[in-house]
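# Architecture and fold: a report
Below, each chain spelled out in residue letters.
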Amino acid sequence: MRTDTPLGAPPETPLQTLPVRGPVTVVRGRPVLDVVIPVYNEEADLERCVRRLHDHLARTFPYGFRITIADNASTDRTPDLAAHLDESIEEVTAVRLEQKGRGRALRTVWSLSEAPVLAYMDVDLSTDLKALLPLVAPLISGHSDLAIGSRLSRSSRVVRGPKREFISRAYNLILRGSLAARFSDAQCGFKAIRKDVAERLLPLVEDTGWFFDTEMLVLAERAGLRIHEVPVDWVDDPHSTVHIVRTATEDLRGVWRVGRALATGALPLDRVRRPFGDDPRDRELSGVPRGLARQLVGFCVVGALSTLVYLLLYSLFRMGTGPQVANALALLLSALGNTAANRRLTFGVRGRDRAMRHQAQGLVVFGMGLVLTSGSLAALDAVPGTAAHGTELAVLIAANLAATVLRFLLFRAWVFPSDRGATTDHDSRTDR
């Protein structure tokens, strides 16, 4: 039985992106899969569940495997039972941690493991083990980076009380609304990750408790990694020792912390991104600027919202001042918001580095737009008679369309050129 203290500060990870995803390399004598079972005071269920899992893997898994019992500072007979299983079953290893925390246990064992595919499951084996091979197969083949069991899939079969059902669905709705998560089930204790991904991703995950899973999945999804979902059959453990209220409170704090870090660009997610694969459709085409289609979509969305804000501000200012002053004020305020939104959403620039410079350049672009729109208003004013307010708005919309095209070209070529890779899609701290 190994006794390991939790790892300290994670080592610096390389700045390069992950390599192209491929099938794992099978090395003779080394397990392909390491299944971790984090436990705390589980003397009643530990031996029965470990032997059941070992029997299932021995019968159905086609590669070498290991089962690692991660004891989280248990105070009952759990450490003795884990040591006994370690000695009596060749594929079972026991690790003792002197501090509690499921996330801490997974981080420690996964960091020490040599297996190319890492998984974990709860000791109660609430999830039907027939889902284990479908869970890890996409990781072994190189199709996906992470895999999760989902109790909320339409084809899943779940037996649990209404209280836990409500909490689980409410929590996942919170994740979708606050962190824009697209995976369906963050809390199911049945997950797997490739070792090469874990080496880059785990140093970015701060939580050491129950929120560890959610944080890992959110960061992986934001980095563009592929998360495979497997419908599972799941039966609730009525004797679970999880403190629901305390866990929910800690999870909400974690949601706030991760959301703030993502909003401020404080996470270097480029370190866990993968390049395109070797599919011919992924190769760059000559004459087509990289990312142009995505940038156009983002710019159009931001531009549409900015135009609505501009028209609203112009209408408000117009009630107390002339058209030229109202146009200048509305365009100035909407331009500041437009530059900030395009900087983050369209061109993927995160962090505070060069933020003031980008705003200054955006104001120059704003000046050019002001010349176009003000010139249009001056031309309209030169027409005999008094133009209606609707006519003013129509002229301004046409002028703004021309200014928008000019703004995109200047943003792409001058303000946020693609060759400045040092400030794009990563934490500005890496530029210093």
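Each remark here, short or long, concerns the structure printed above.
Residues numbered from 1 in each chain as written. Predicted model: local features only at pLDDT ≥ 70, side-chain atom pairs only at ≥ 80, totals over all residues. Heavy atoms only, no water.

Quick look at helix α11 (residues 355-382) now. Between the first and last C-alpha of α11 there are 40 Å, a value that for 28 residues agrees with the 40 Å anticipated at 1.5 Å per step. By the burial criterion, the buried members of α11 are His 358, Gln 359, Gln 361, Gly 362, Val 365, Phe 366, Gly 369, Thr 373, Ser 374, Leu 377 and Leu 380. (Helix = DSSP H or I, 4+ residues; strand = E, 2+ residues; numbered from the N terminus. Expected span 1.5 Å × (residues − 1). Buried < 20%, exposed > 50% of the residue type's maximum accessible area, 1.4 Å probe, protein only.)

Running from N to C, helix α3 (residues 102-112) and helix α7 (residues 212-222) cross one another at 60°; their axes reach a closest spacing of 8 Å. If you check the angle between α3 and α7, you find them oblique. Together, Arg 102, Gly 103, Leu 106, Arg 107 and Trp 110 of α3 and Phe 212, Asp 213 and Met 216 of α7 make up the contact between the two elements. Class assignment for the residues of the contact of α3 with α7 results in four nonpolar, one polar and three charged. (Axes fitted to C-alpha atoms, helices over the stretch in contact; angles between N-to-C directions. Parallel < 35°, antiparallel > 145°, perpendicular 65-115°, else oblique. Contact = heavy atoms within 4.5 Å. Nonpolar A, V, L, I, M, F, W, Y, C, P; charged D, E, K, R; others polar.)

Turning our eyes to something else, we now look at the pairing of strand β6 (residues 146-150). Burial within β6 is extensive, with five of its five residues counted as buried. Residues Leu 146, Ile 148 and Ser 150 of β6 are buried on one face, and the alternating residues Ala 147 and Gly 149, pointing to the opposite face, are buried as well. With three bridges connecting them, β6 and strand β8 (residues 190-194) associate as antiparallel partners. Bridge pairing in β8 links Ala 147 to Ala 192. (Pairing = 2+ DSSP bridges.)

Tracing the sequence through the fold places Ala 360 in helix α11. Here the alpha-carbon distance between Ala 360 and Thr 339, two residues 21 residues apart in the chain, equals 9.6 Å.

The next subject is the packing of helix α10 (residues 323-346) against α11. Close contact between α10 and α11 brings their axes to 9 Å; oriented N to C, the two are set at 145°. Handedness of the crossing formed by α10 with α11: right-handed. Contact residues: α10 offers Pro 323, Gln 324, Asn 327, Ala 328, Leu 331, Leu 332, Ala 335, Leu 336, Thr 339, Ala 340 and Arg 343, while α11 offers Ala 355, His 358, Gln 359, Gly 362, Leu 363, Phe 366, Gly 369, Leu 370, Thr 373, Ser 374, Leu 377 and Ala 378. Here the contact of α10 with α11 is composed, by residue class, of 13 nonpolar, nine polar and one charged. (Left-handed = near helix turned anticlockwise from the far one by under 90°.)

Another point: the nonpolar core. By size, the foremost hydrophobic cluster in this structure holds 44 residues, and its most contacted members are Trp 110, Leu 146, Phe 183, Ile 193, Leu 201, Met 216 and Leu 219. Top element by residues in this core is α7. It accounts for six residues. Those residues in contact with Ile 193 that sit more than four places away from it in its chain are Trp 110, Pro 116, Val 117, Leu 118, Leu 139, Asp 145, Leu 146, Ala 198, Leu 201 and Met 216. Counting 40 residues, the second-largest nonpolar core is a separate cluster that includes Ala 82, Leu 129, Cys 188 and Ala 192. (Core = buried A, V, L, I, M, F, W, Y, C linked by side-chain atoms within 4.5 Å.)

A separate point is the environment of His 84. Locating His 84 in the fold gives a position in helix α2 (residues 78-88). Using a relative accessible area of 38% as the deciding quantity, one classes His 84 as partly exposed. A sequence separation of 10 residues divides His 84 from Ala 94, and the C-alpha atoms of the two residues are 9.0 Å apart.

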